[in-house]
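# Fold and geometry: a report
In case you want the letters, here they are:
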Amino acid sequence: MTPRVSVGERVPQALLGRMIDGAMYTVELHELIAGRRAVIAGVPGAFTPVCTCRHIPDILENAGRLRAAGYDLIACVVPNSPWAVAAWAAEVDPAGVMTFLSDGNLTLARALGVTVSAPDLMLGETSARYLLATDNGIVRRLNVEAKINNVDCTRARDVLID
C-alpha cells in the first residue's frame, strides 16, 4: 500500500472520469484544483447507504458554509464507473451542487494511500471514506475514517474548523 499523503504535500496526479451531458470525459485532478480551494469527499461506493443517506447529504446541506469559507470547488470522488457515478449523483444531488468524479480505477485512492479492502460488504478493494481539503493543489487536511461505515471525521464541519 502506498503511504498516505501528508498535509503540505502536493495532491498526487490522478486521472478521473466525469460525465457531462451523457458523455464521459477524463479530468486531471491537479488541473481541476489548480488555483482554487477545494473540498473533496471520498466515498467507498455509489448507492451505498452511508454515503447516500449520511455522508453526502451532510456535505450538501453545508455547501453554502463551505463556499462562504472560501471553497470554490466541492467535489465527491467515487470508486465506481463514471456512468454509475452520474446516476448516483442525479439521485443524491439533483441540483448539481457538487462535482462528482469517478475514481473507478482507484488511481486517486491508491495515490493518496487510502484504499481499503471491504469484501464483507462485497466492495472488494475500494476507497476509504475521506475528506480532503486543498489549496492550489496542496493538501491542507486529509481526514480518513477508521471504518468505511463511519462518518465521524469526514463531515463538512470537520473541514470548517480551520
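Located above this text is the structure these notes cover.
The text that follows walks through the structure, step by step, so that each part is easy to find.

Right, let's talk about the pairing of strand E1 (residues 15–20) for a bit. Where E1 lies against strand E2 (residues 23–28), 6 bridges are found, and the strand directions are antiparallel. Residue pairing for E2: Ile20 is matched across the bridge by Ala23. Connecting the antiparallel pair E1 and E2 is a turn made up of 2 residues, with Asp21 showing a positive phi of about 50°.

Moving on, we get to the side chain of Thr134. Summarising the element assignment, Thr134 is placed in strand E8 (residues 130–135). On the accessibility criterion, Thr134 (1% relative accessible area) is buried. Setting aside anything within four residues of it in sequence, one finds Thr134 in contact with Val11, Ile33, Arg36, Arg37, Ala38, Tyr71 and Arg140.

Of all hydrophobic cores here, the largest spans 25 residues; its most connected members are Leu29, Ile40, Leu108, Val114, Tyr130 and Leu142. Once residues lying within four places of it in the same chain are set aside, the contact partners of Leu108 are Pro12, Ala14, Leu16, Leu29, Val77, Asp103 and Tyr130. Membership of the second largest hydrophobic core comes to 24 residues, among which are Val85, Val92, Ala133 and Val159.

With that settled, consider the pattern of salt bridges. Taken as a whole and judged by the stated rule, the model has 3 salt bridges. A salt bridge links Arg36 to Asp72; its shortest N-O distance comes to 3.6 Å. On the criterion of sequence distance, the pair formed by Arg36 in the loop between helix H1 (29–33) and strand E3 (37–42) and Asp72 in the loop between helix H3 (63–68) and strand E4 (73–78) is long-range, its members being 36 residues apart. Taking relative accessible area as the criterion, Arg36 reaches 24% and is therefore assigned partly exposed. Residue classification places Asp72 among the partly exposed positions, given a relative accessible area of 40%. When the shortest N-O distance is used, the salt bridge between Asp158 and Arg155 registers 3.0 Å.

With phi around 50°, Asp21 is a residue other than glycine that occupies positive phi space. Among the secondary structure elements, Asp21 is positioned in the loop between E1 and E2. Notably, Leu106 is not glycine yet its phi reads approximately 60°, a positive angle. Checked against the element boundaries, Leu106 lands in the loop between strand E5 (99–102) and helix H5 (107–112). The class for Leu106 is buried, based on a relative accessible area of 6%.

Applying the stated rule across the entire model yields 1 aromatic pair. When the centroid spacing of 5.7 Å and the interplanar angle of 90° are considered together, the rings of Trp88 and Phe100 count as edge-to-face. With Trp88 in helix H4 (residues 82–92) and Phe100 in strand E5, this residue pair connects regions lying 12 residues apart in the sequence. Comparing Trp88 with Phe100 shows no difference in burial state: the two are buried.

Another aspect to go through is the environment of Arg65. Tracing the backbone through its elements, the reader meets Arg65 in helix H3. Given the relative accessible area of 47%, Arg65 is considered partly exposed. With 92 residues separating them along the chain, Arg65 and Arg157 place their C-alpha atoms 9.1 Å apart.

Rules used in this analysis
- Residues numbered from 1 in each chain as written.
- Predicted model: local features only at pLDDT ≥ 70, side-chain atom pairs only at ≥ 80, totals over all residues.
- Heavy atoms only, no water.
- Pairing = 2+ DSSP bridges.
- Helix = DSSP H or I, 4+ residues; strand = E, 2+ residues; numbered from the N terminus.
- Buried < 20%, exposed > 50% of the residue type's maximum accessible area, 1.4 Å probe, protein only.
- Contact = heavy atoms within 4.5 Å.
- Core = buried A, V, L, I, M, F, W, Y, C linked by side-chain atoms within 4.5 Å.
- Salt bridge = Lys/Arg side-chain N within 4 Å of Asp/Glu carboxyl O.
- Phe/Tyr/Trp six-rings, centres within 6.5 Å; stacked < 30°, edge-to-face > 60°.

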